[in-house]
Amino acid sequence: MKIAFIGDIVGRPGREMIKTYLKKIVEEENIDFVIANYENASHGFGLTMKNCDELFSYGIDVMSGGNHTWDKKDILPLLESRELLRPLNYPEGTPGKGLKIYEIKGEKLAVINLMGHYGMPYTDNAFRCAQREVKKLHEEGIKNIFIDFHAEATSEKRGMMMLLQGQVSGIIGTHTHVGSDDFQIAEKTAYLSDIGLTGCRDNVIGMEKTQPLKQFLTGMKGHFDIPKKCKKILQIAIMEFSEGSCLNAYKLKIFDDGRVIKTEAFKED
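These notes cover the structure that comes with them. (Residues numbered from 1 in each chain as written. Predicted model: local features only at pLDDT ≥ 70, side-chain atom pairs only at ≥ 80, totals over all residues. Heavy atoms only, no water.)

## Looking at the overall build of the protein
Alright, step 1. Along the protein, the regular secondary structure elements total 6 helices and 14 strands.
Alright, step 2. Here the protein has a C-alpha radius of gyration of 17 Å; the compact-globule value for 269 residues is 18 Å, and the two agree.
Alright, step 3. Reported as C-alpha extents along the three principal axes, the dimensions of the protein are approximately 50 × 45 × 35 Å.
Alright, step 4. Counting the 269 residues in the protein, one finds 56% classified as buried. (Helix = DSSP H or I, 4+ residues; strand = E, 2+ residues; numbered from the N terminus. Rg over C-alpha atoms; globule rule 2.2 N^0.38 Å. Buried < 20%, exposed > 50% of the residue type's maximum accessible area, 1.4 Å probe, protein only.)

## Overview of a nonpolar patch on the surface
Alright, step 1. A surface patch of nonpolar side chains, about 380 Å² in accessible area, is lined by Leu213, Phe216 and Leu217.
Alright, step 2. Relative to the elements of secondary structure, Leu217 occurs in helix α6 (residues 210-218). (Patch = residues over 30% accessible without salt bridge, like charges linked within 9 Å, V, L, I, M, F, W, Y side chains within 5 Å. Areas by Shrake-Rupley, 256 points an atom, 1.4 Å probe, with all protein chains shown as cover. Salt bridge = Lys/Arg side-chain N within 4 Å of Asp/Glu carboxyl O.)

## Remarks on helix α5 (residues 154-164)
Alright, step 1. Where α5 is concerned, the buried positions are Glu156, Lys157, Met160, Met161 and Leu164. End-on, the buried residues of α5 take up no more than an arc of 145 degrees, which puts them together on one face.
Alright, step 2. Contacts from the buried residues of α5 go to β5 (107-115), α4 (126-139), β6 (144-150), β7 (170-174), β8 (184-186) and β9 (189-192).
Alright, step 3. Remark: Gly166 follows α5 within two positions and exhibits a positive phi of approximately 85 degrees. (Arc of directions from axis to C-beta. Contact = heavy atoms within 4.5 Å.)

## Things to note about the state of the cysteines
Alright, step 1. Evaluated as defined, the whole model comprises 1 disulfide.
Alright, step 2. Between Cys200 and Cys230 runs a disulfide, and the two sulfur atoms are separated by 2.0 Å. Between Cys200 and Cys230 the disulfide shows an S-S torsion of about -70 degrees. By sign, it is left-handed. Of this pair, Cys200 sits in strand β10 (residues 199-200) while Cys230 is found in the loop between α6 and β11 (232-242), placing the two residues 30 residues apart along the sequence.
Alright, step 3. Assessed through its relative accessible area of 1%, Cys200 is described here as buried.
Alright, step 4. Here Cys230 falls in the buried class, since its relative accessible area comes to 15%. (Disulfide = S-S within 2.5 Å.)

## Considerations on the packing of helix α1 (residues 11-29) against helix α2 (residues 49-57)
Alright, step 1. One can describe the packing of α1 onto α2 by two numbers: an axis separation of 9 Å at closest approach and a directional angle of 20 degrees. Classified by the interaxial angle, the pair formed by α1 and α2 is roughly parallel. As for how α1 packs across α2, the hand of that crossing is left-handed. Contacts between α1 and α2 involve Arg15, Ile18 and Lys23 from the first element and Asn51, Glu54, Leu55 and Ser57 from the second.
Alright, step 2. Grouping the constituent residues of the contact of α1 with α2 by class yields 2 nonpolar, 2 polar and 3 charged. (Axes fitted to C-alpha atoms, helices over the stretch in contact; angles between N-to-C directions. Parallel < 35°, antiparallel > 145°, perpendicular 65-115°, else oblique. Left-handed = near helix turned anticlockwise from the far one by under 90°. Nonpolar A, V, L, I, M, F, W, Y, C, P; charged D, E, K, R; others polar.)

Here you go:
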């Protein structure tokens, strides 16, 4: 099976890039299943019902969340009625699910959404949660497992890879909006610390620069806004899974001026 993953979709610019390019990518790259992160999709904070249905109409199969999952009131009914995840390690009793299982080309795929700890809302231990759920999936005979680890600290993301390499098919980080340059396959597990945002690329993590710069210069906080006009990028990881292993992987950076940069994941011996 060939799986694609898109990280934080930031506001209208991010949704426009998905609309313009995703179906073409799916067709050209022979992708079977698309996962994306929704937590910044509506005005940069959370997800509305309108934008949820819009994104699914462009060819996304399931979407994961993070610390902004709860920012829009629409999310509660959406978690029950749409193919959406919220971080699995939220405490017991939290609405929604953090893990879903799909059948693709005769094999099962488990998609897990986890959230880190540094600078994040209160959750249960992400590492123990991951260990427990991966063990259960293996006992059920499910080998292909993908994790969106929504975390601030690269050390936490790298630690999750060290904990689970050889046990899951892929771990890709989200949240920082800044893509990292460490896409690799080790012990048959694909890993990337952060895939980077899909949205505006010529400002501050997808947001209009005025307020972030004011905050950095004065310490005065305010509301971040999505630029009305900007240069845009779509960042997507494509991985081939079989029997729990990632056979190969690469990342595409697609710019709104037509440029495409392809980066192959390096394989560790």
